[in-house]
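Descriptive structure summary
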Amino acid sequence: QVTLVEPGGGLVQAGGSLRLSCAASGHTFFIGAMGWFRQAPGKERDFVAAITRDSIGTYSADSVKGRFTISRDGAKNTVYLQMNNLKPEATAIYYCAVARSWGMVGVRDHAYDYWGQGTQVTVSA
């Protein structure tokens, strides 16, 4: 079993930056690829970015490329999402997720096995 804890997101003005973190604990063998998803009000949950267990492979959604960066600290089993030049449409609940697979597992949420509780990010215009 793996548990994910996401400290609070926050409120930021458009054009600003925010860094999310998510710490995984439990059976470390099961902490494989890690990813971020987001769900805006009234919309489905969408993929944002993912990173392999060895941090060599990363992948981001086209909508955030060049502005969001995913990284992880293997020693701490923590994944980060650095969000720069934020836009109001980035307002959403952000969820971190962990897959048991160590390689890249893709963009579909059913590929991930464990989920954080979600954290609110609000970008004001």
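Please refer to the structure higher up on the page.
Residues numbered from 1 in each chain as written. Predicted model: local features only at pLDDT ≥ 70, side-chain atom pairs only at ≥ 80, totals over all residues. Heavy atoms only, no water.

1. Some remarks on the overall build of the protein
Here is the rule: Numbering of helices and strands runs from the N terminus, with a helix taken as a DSSP run of H or I at least four residues long and a strand as a DSSP run of E at least two residues long. For the radius of gyration, the atoms used are the C-alpha atoms, and the globule rule reads 2.2 Å times the number of residues raised to 0.38. Exposure categories follow from relative accessible area, calculated using a 1.4 Å probe and restricted to protein chains: below 20% of the type maximum is buried, above 50% is exposed, and the middle band is partly exposed. Here, two residues are considered to be in contact whenever any of their heavy atoms come within 4.5 Å of each other. We get accessible surface area from the Shrake-Rupley algorithm with a probe of 1.4 Å; when it comes to residues, only the shown protein chains can shield them. Only four residue types enter the charge count: Lys and Arg as positive, Asp and Glu as negative, with His and the chain ends excluded. Just so you know, the charge point we use is NZ for Lys, CZ for Arg, CG for Asp and CD for Glu.
Along the backbone of the protein there are 0 helices and 11 strands. Scaling as 2.2 N^0.38, a compact globule of 125 residues should have a C-alpha radius of gyration of about 14 Å, and the protein matches this with 13 Å. A total of 125 residues make up the protein; the buried ones form 42% of that total. Within the protein, contacts between residues separated by at least 24 positions form 61% of all contacts whose residues are at least 6 apart in sequence. By element, 50% of the accessible surface of the protein is carried by carbon and sulfur atoms, the whole surface being about 6,400 Å². The positive charge centre, built from 12 side chains, and the negative charge centre, built from 9, are 3 Å apart in the protein.

2. Some remarks on the environment of Asn 77
Note on placement: Asn 77 falls in the loop between β7 (68-73) and β8 (78-83). Given a relative accessible area of 15%, Asn 77 falls into the buried group. Placed 52 residues apart in sequence, Asn 77 and Ser 25 show a C-alpha to C-alpha distance of 7.2 Å. Other than its neighbours up to four places away in sequence, Asn 77 contacts Cys 22, Ala 23, Ala 24, Thr 28, Ile 31 and Met 34.

3. Some points on the side chain of Thr 52
By the secondary structure assignment, Thr 52 is in the loop between β5 (45-51) and β6 (58-60). On the accessibility criterion, Thr 52 (7% relative accessible area) is buried. Ignoring sequence-local partners within four residues, the contact set of Thr 52 consists of Ala 33, Gly 57, Arg 72, Trp 102, Gly 103 and Met 104.

4. Considering the state of the cysteines
So the rule is basically this: Note that a disulfide, as used here, is simply two cysteine sulfur atoms within 2.5 Å.
Evaluated as defined, the whole model comprises 1 disulfide. Note that Cys 22 is cross-linked by a disulfide to Cys 96, the S-S spacing being 1.9 Å. Between Cys 22 and Cys 96, the S-S dihedral sits near 40°, and the bridge is therefore right-handed. With Cys 22 in strand β3 (residues 18-26) and Cys 96 in strand β9 (residues 92-98), the pair connects residues that are 74 residues apart, well separated along the chain. Across the pair, Cys 96 and Cys 22 agree in class, each one buried.

5. Section: the packing of aromatic side chains
A ring pair, where both rings are aromatic, is described by two values, the distance of the centres and the angle of the planes. Our working rule: Ring pairs shown here join Phe, Tyr and Trp side chains whose ring centres sit within 6.5 Å, with only the six-membered ring taken for Trp; geometry is labelled stacked below 30 degrees between planes, edge-to-face above 60, and tilted in between.
In total, this model carries 7 aromatic pairs according to the counting rule given. An angle of 25° between the planes, with centres 5.8 Å apart, marks the rings of Phe 47 and Tyr 59 as stacked. Of this pair, Phe 47 sits in strand β5 while Tyr 59 sits in strand β6, and the two are 12 residues apart along the sequence. A relative accessible area of 12% means that Phe 47 is categorised as buried.

6. A closer look at the sheet that holds strand β1 (residues 2-5)
Backbone-to-backbone hydrogen bonds pair the strands of a sheet. The strands run either parallel or antiparallel. The condition is simple: For two strands to be treated as a pair, DSSP must find no fewer than two bridges joining them. For helices, the axis comes from a line fit to the C-alpha atoms of the stretch in contact; other axes are also lines fit to C-alpha atoms, and the angle between any two N-to-C directions lies between 0 and 180 degrees.
The 4 strands are arranged β1-β3-β8-β7 in an open sheet whose pairing can be described as antiparallel. For this open sheet the edge positions go to β1 and β7, each flanked by a neighbour on one side alone. Taken pair by pair, the neighbouring strands of this sheet meet at an average axis angle of 20°, ignoring direction.

All we've got here are geometric facts, nothing functional implied.
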